[in-house]
2 protein chains.
Amino acid sequence: MPADQPAFQDVLLPAEKSICWICGHSNPHGLQIKSYWDGEEAICNWDPQPHFTAYPNVMNGGIIASLIDCHCINTAMMTGYQAEEREPGSEPHIVYVTGELKVRYLQATPMDAPVTLRARVTTVDGRKTSVGCSLYSQGEECARGDVLAVRVEL
Amino acid sequence: MPADQPAFQDVLLPAEKSICWICGHSNPHGLQIKSYWDGEEAICNWDPQPHFTAYPNVMNGGIIASLIDCHCINTAMMTGYQAEEREPGSEPHIVYVTGELKVRYLQATPMDAPVTLRARVTTVDGRKTSVGCSLYSQGEECARGDVLAVRVEL
């Protein structure tokens, strides 16, 4: 991954709040995904553990939805700091939650290869940020998601 | 849970295919959720393990999406057998996958109480079955989902 930047998840929230099952660096039972900027897109690579199946050699759709959701929320939070020209993770913390999540499953995602997620902010409207995201396996788009992220106080 | 009926997941698929991370009875690392008929609705109760957090005492949205997805897909499969007046799990197996998943998060779902999902088939159109589902915590609706289930050969 990009050597010149920390992962979003490693700077956005302090340890006591970074407990998200998908991305929290303080959740020892979580997936601890890492997201990075790649130009205007946010990228995340993830290698599935063998139990995250739906059917034989088909990745679970719930995990796909979870990855898209969390990668997009982190992207919305980073974008929030950019808009305020503040250092990510500086206080007061910028926190977003998911208002709505939509995922279209375009084709089966195999289990025997890592996946790559690419997310991009589409609109920012006050407390609401919309983020689109595609999930790829071996260069093929397998799922496409939209997340409506809503800023909250935590 | 209802004592007079087996769980959907215990009859729909044989062991070698029942490997879904959310509901497969052959997945030792999975959640192994169980769904039952309650009149025309399908019901599922689930007690979250403490690591499925988003923020402190807030359930992870990815897990919520995963539960809704899987409970609805099982409901679509059971409905498929009903339509063909066949015993659930009889061959040839009826298998559905998710074409589209949409979840609206209405309020934070607490971690310190079990959740109840209630799903209902809304339309059946050839290979496509639409299922709506609400997730409740202590009687409060916390999330509402729609799943487009698509019948496939496995």
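The structure under discussion appears in the preceding block.
Everything numeric in this text was worked out from a predicted model, so none of it was measured.

Turning next to the pairing of strand β5 (residues 95-105) of chain A. Look at any regular strand and the pattern is simple: side chains alternate between the two faces of the sheet. Two elements, β5(A) and strand β8 (residues 140-152) of chain A, share 10 bridges in a ladder whose sense is antiparallel. Opposite A:Val95, over in β8(A), you have A:Val152 as the bridge partner. Here 5 bridges tie β5(A) to strand β5 (residues 95-105) of chain B, and the two strands are oriented antiparallel to one another. Across the sheet, A:Leu101 pairs through a bridge with B:Val103, a residue of β5(B).

Ordered in space as β1(A)-β2(A)-β6(A)-β7(A)-β8(A)-β5(A)-β5(B)-β8(B)-β7(B)-β6(B)-β2(B)-β1(B), the 12 strands form an open sheet in which the pairing is antiparallel. In this open sheet, the two strands that pair with only one neighbour each are β1 (36-38) of chain A together with β1 (36-38) of chain B. Each strand of the sheet is rotated relative to its neighbour by a mean of 30 degrees, with strand direction disregarded. Pairing analysis gives 10 bridges linking strand β6 (residues 115-125) of chain B to strand β7 (residues 128-137) of chain B, with the strands arranged antiparallel. Within β7(B), the position partnered with B:Asp125 by the bridge is B:Lys128.

Another point: the relation of the copies chain B and chain A. Least-squares fitting of chain B to chain A yields an RMSD of 0.0 Å, with the transformation described by 0.0 Å of translation along the axis and a rotation of 180 degrees. Such values leave the two copies arranged in the relation of a two-fold axis. Nearest to the rotation axis, the C-alpha of B:Lys102 is located 2.2 Å from it, this being the minimum over chain B. A share of 100% of interface residues in chain B that are also interface residues in chain A marks the association as one of identical surfaces.

Here the focus is the packing of aromatic side chains. Residues and elements named next belong to chain B. Applying the stated criterion across every chain, the model contains 7 aromatic pairs over all chains. Geometrically, the ring pair formed by Trp 46 and Phe 52 is tilted, given 5.8 Å between the ring centres and 50 degrees between the ring planes. A relative accessible area of 3% means that Phe 52 is categorised as buried.

All names here are of chain A. Counting across every chain of the model gives 0 disulfides over all chains. Its sulfur unpaired, Cys 70 is 3.4 Å from the next cysteine sulfur, which belongs to Cys 23. Cys 70 gets classed as buried once you look at its relative accessible area, which sits at 6%.

The interface of chain B with chain A comprises 36 residues on the first partner and 36 residues on the second. For the chain B and chain A pair, buried surface summed over both sides reaches about 2600 Å², with 62% attributable to carbon and sulfur atoms. Scanning the region where chain B abuts chain A turns up 0 salt bridges. Linking chain B with chain A are 16 residue pairs in polar contact (both at pLDDT 80 or more), by the criterion used here. Broken down by secondary-structure element, the contributors of at least two residues to the side of chain B that touches chain A are β3 (53-55), α2 (61-83) and β5 of chain B. The greatest single-element share of the side of chain B that touches chain A, amounting to 11 residues, is contributed by β5(B). Tallied by class, the residues present in the side of chain B that touches chain A amount to 20 nonpolar, 10 polar and 6 charged.

Residues A:Lys102, A:Arg104, B:Lys102 and B:Arg104 make up a contiguous surface patch of positive charge. Counting residues per element, the ones that place at least two in the positive patch are β5 of chain A together with β5 of chain B. Along the chain, the position of B:Arg104 falls in strand β5. Residue classification places B:Arg104 among the partly exposed positions, given a relative accessible area of 36%.

Definitions and limits used
- Residues numbered from 1 in each chain as written.
- Chains lettered and ligands numbered in written order.
- Predicted model: local features only at pLDDT ≥ 70, side-chain atom pairs only at ≥ 80, totals over all residues.
- Heavy atoms only, no water.
- Pairing = 2+ DSSP bridges.
- Helix = DSSP H or I, 4+ residues; strand = E, 2+ residues; numbered from the N terminus.
- Axes fitted to C-alpha atoms, helices over the stretch in contact; angles between N-to-C directions.
- Least-squares fit on C-alpha atoms with pLDDT ≥ 70 in both.
- Contact = heavy atoms within 4.5 Å.
- Phe/Tyr/Trp six-rings, centres within 6.5 Å; stacked < 30°, edge-to-face > 60°.
- Buried < 20%, exposed > 50% of the residue type's maximum accessible area, 1.4 Å probe, protein only.
- Disulfide = S-S within 2.5 Å.
- Buried area = accessible area lost by both parts, 1.4 Å probe.
- Salt bridge = Lys/Arg side-chain N within 4 Å of Asp/Glu carboxyl O.
- Polar contact = N/O pair within 3.5 Å; in protein donor to acceptor, adjacent residues only side chain to side chain.
- Nonpolar A, V, L, I, M, F, W, Y, C, P; charged D, E, K, R; others polar.
- Patch = residues over 30% accessible without salt bridge, like charges linked within 9 Å, V, L, I, M, F, W, Y side chains within 5 Å.
- Areas by Shrake-Rupley, 256 points an atom, 1.4 Å probe, with all protein chains shown as cover.
- Lys, Arg positive; Asp, Glu negative; His and termini not counted.
- Charge placed at Lys NZ, Arg CZ, Asp CG, Glu CD.

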